[in-house]
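Architecture and fold: a report
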Amino acid sequence: MSQQAPELIASNKCFDGWLKRYKHTSTATGTEMIFAIYLPPQAQTQPVPVLYWLSGLTCTDENFMQKAGAQRLAAELGMAIVAPDTSPRGTDHPGEHDSYDFGSGAGFYVNATEAPWAENYRMYDYVVDELPALIEAHFPVTDQRAISGHSMGGHGALICALKNPGRYRSVSAFAPISNPINCPWGEKAFSGYLGADRETWKAWDSCELIASARERLPLLVDQGEADDFLAEQLKPQALQAACEAAGHPLELRLQPGYDHSYFFIASFIADHLRHHAAALGLAD
């Protein structure tokens, strides 16, 4: 993995810490990638643990940092937050920009195996291995990691934690695509990125991974009951059933009246930050 220092492209002081955007050349994707990092004030004097946030369809690194309102509490807790992009950019494969739920902005945090996507769409390797190595080499952070995300990013957070025992201290998700092998978004993405063999898809599905998970990190999942995508795409009941069958700890909170938007995320982000802070050994 490349350890060349990333290039700063934007910087804003925020709650006595710093929100910064960087770009770098990724060996995982073969493209230039942009990420955002919030460094709390404590990072000026000591290394701090990191929460990795994975965003959903059509998003970039900016959505969470601008809309979730997480920096105030992150500053109090002494927690850095890193938000990568949701897909490689600038590759212009045929059909890459034709729809919101496949290609650009829709990397699904898998390692693609089908041409032409396999060349660049390796967001799993980027998020799990390359980006944390870069962050830990160039920023005042520890190797204590947590992971969370929303929708497609909630799916990403869950599979990253389930596939990598010991890599993360905690995991949570907002409205995750819980069972992508059995929903339209997932079926479209997996068909394109992974091919027609549905058996290979199971390695990227939380409900399938939970049965054989070697680590039982408690899952905190919030889901809005007024989410337009709830029944067809998100399927939290499948996640609940898989956890019950495997004895995997899950706190699934169904929130009345809330939809799929960042208004929903902003309403409950403090609970998630505290969930991760407790696992990371940070005092509130």
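What comes next is a walk through the structure. (Residues numbered from 1 in each chain as written. Predicted model: local features only at pLDDT ≥ 70, side-chain atom pairs only at ≥ 80, totals over all residues. Heavy atoms only, no water.)

All right, on to the pattern of salt bridges then. Two side chains of opposite charge can pair, provided their charged atoms sit close to one another. Within this structure, the stated rule accounts for 10 salt bridges. Residues Asp61 and Arg21 are paired through a salt bridge, measuring 2.8 Å at the closest nitrogen-oxygen approach. In this pair, Asp61 is assigned in the loop between strand 4 (48-54) and helix 1 (62-67) and Arg21 in strand 2 (residues 17-25), connecting sequence segments 40 residues apart. Close ionic contact of Lys202 with Glu199 constitutes a salt bridge, the shortest N to O distance being 3.0 Å. The exposure class of Lys202 is partly exposed, given its relative accessible area of 30%. (Salt bridge = Lys/Arg side-chain N within 4 Å of Asp/Glu carboxyl O. Helix = DSSP H or I, 4+ residues; strand = E, 2+ residues; numbered from the N terminus. Buried < 20%, exposed > 50% of the residue type's maximum accessible area, 1.4 Å probe, protein only.)

What follows concerns empty space enclosed by the protein. Under the defined criterion, the tally for this structure stands at one cavity of 30 Å³ or more. Volume-wise, the largest cavity comes out at about 60 Å³. The wall of the largest cavity is formed by Ala161, Leu162, Pro165, Val171, Ala213, Arg214, Glu215, Leu217, Leu219 and His248. Of the residues in the lining of the largest cavity, the class split is seven nonpolar, one polar and two charged. (1 Å grid on protein atoms, 1.4 Å probe; cavity = no way out; pocket = protein on both sides within 12 Å on 5 of 7 lines; lining within 4 Å. Points joined across faces, edges and corners; volume = space filled by probe spheres on them. Nonpolar A, V, L, I, M, F, W, Y, C, P; charged D, E, K, R; others polar.)

The next thing to look at is helix 3 (residues 123-138). At Glu130, helix 3 shows its maximal kink, close to 35°; a proline, Pro132, follows between one and four residues later. All of the buried residues along helix 3 are Met123, Tyr124, Asp125, Tyr126, Val127, Val128, Glu130, Leu131, Pro132, Leu134 and Ile135. On its buried side, helix 3 packs onto strand 2, strand 3 (32-39), strand 4, strand 5 (80-84), strand 6 (141-149) and helix 4 (152-163). (Bend = angle between axes of the 7 residues up to and from the residue. Contact = heavy atoms within 4.5 Å.)

A few words now on the environment of Pro256. By the element assignment, Pro256 lies in the loop between strand 9 (250-255) and helix 10 (262-280). Relative accessible area serves as the criterion here: at 58%, Pro256 is assigned to the exposed category. Sequence spacing of Pro256 and His93 is 163 residues, and the spatial spacing of their C-alpha atoms is 41 Å.

What the nine strands build is an open sheet, ordered 1-2-3-5-4-6-7-8-9; its pairing is mixed. Of all the strands in the sheet, the pair left with one neighbour each is strand 1 (7-14) and strand 9. Each strand axis lies, on average, 20° off the axis of its neighbour in the sheet, ignoring direction. As paired elements, strand 2 and strand 3 share eight bridges and run antiparallel to each other. For His24, the partnering residue across the bridge sits in strand 3 and is Met33. Sheet strands touched by helix 4: strand 4, strand 6, strand 7 (170-174) and strand 8 (219-224). Its angle to strand 6, the strand with the most contacts, is close to 130°. (Pairing = 2+ DSSP bridges. Axes fitted to C-alpha atoms, helices over the stretch in contact; angles between N-to-C directions.)

A separate point is helix 5 (residues 184-194). Owing to its 3.6 residues per turn, the α-helix aligns residues three or four sequence positions apart on the same side. Of the residues making up helix 5, those classed as buried are Trp185, Gly186, Ala189, Phe190, Tyr193 and Leu194. What you see down the axis of helix 5 is that its buried residues fit within an arc of 105°, all on one side. Along its buried surface, helix 5 packs onto helix 4, helix 6 (198-201) and helix 8 (230-234). Of the residues one or two after helix 5, Gly195 is the one with positive phi, at around 95°. (Arc of directions from axis to C-beta.)

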